[in-house]
Amino acid sequence: LAVALNSECTSVTCPKMKATDEWMYLCAAHKQPQECSAMDYIIHTLDGTCSLLTSAKWFPSRSHIPDSSLKYFQSIARRLYRILSHTFFHHRATFDAFENKHQLCCRFVAFAKFFDLIPPKLLIIPETAFDPSSQE
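In this text, all values refer to a predicted model and were calculated from it rather than measured experimentally.

Student: Lay out the side chain of threonine 94 in plain terms, naming residues and giving numbers.
Tutor: Position of threonine 94 relative to the elements: it lies in helix H4 (residues 92–102). Of note is the side chain of threonine 94, whose polar atom sits 2.5 Å from the side chain of glutamate 8. Excluding residues that lie within four positions of it along the chain, threonine 94 makes contacts with Leu1, Ala4, Leu5 and Glu8.

Encoded structure:
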C-alpha cells in the first residue's frame, strides 16, 4: 500500500498525517511525538513496527510472546490502521483498487476486532468500504 501511495501521497499533497479533519495523528517515531507528512508517518510507522516485532529484547522467540510484550500490539494496530484510514479518506481510488485486489483493510479489521486491538470508536472507515457482507 505504501508503494501504491508513493507517487500521490507527498509532503506537498499530504503535509500532515490525518484521516478526517477530526483525526490528525502525531508520529511516535521521534523522541517527542510530532507532526510528519503522511508519507513520512507511514514509513516511520512501518519501520518502527518491523523493528519492534524483530527485536530480540521484546520478542525473543518466534513461537512464544512474553506477557510483557503483549502491550505493544494495540499501539501497533492503531498506528497501522491510521495508514488505512488516511488512504481511505485522502486517496480513495488507491484504497479501493488495493482493497479490491488484496482485501488488506477487511482482513486487518477482522484481525483487530478478533483480538480486541482497536476500540470500535476508532474504526472510522465504514465497513461498506471493504466488507462485501456488510452491504447486504
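Student: Could you give me a rundown of the pattern of salt bridges, with the residues and numbers involved?
Tutor: Scanning the model with the defined rule gives 4 salt bridges in all. The partner of lysine 16 in a salt bridge is glutamate 35, and the shortest N-O contact between them spans 3.9 Å. Pair noted here: lysine 16 is in the loop between helix H1 (2–5) and helix H2 (38–53) and glutamate 35 is in the loop between H1 and H2, with a separation of 19 residues, a long-range link. Of the residues examined, lysine 16 reaches a relative accessible area of 40% and is grouped as partly exposed.

Rules behind the numbers
Residues numbered from 1 in each chain as written. Predicted model: local features only at pLDDT ≥ 70, side-chain atom pairs only at ≥ 80, totals over all residues. Heavy atoms only, no water. Helix = DSSP H or I, 4+ residues; strand = E, 2+ residues; numbered from the N terminus. Polar contact = N/O pair within 3.5 Å; in protein donor to acceptor, adjacent residues only side chain to side chain. Contact = heavy atoms within 4.5 Å. Salt bridge = Lys/Arg side-chain N within 4 Å of Asp/Glu carboxyl O. Buried < 20%, exposed > 50% of the residue type's maximum accessible area, 1.4 Å probe, protein only.

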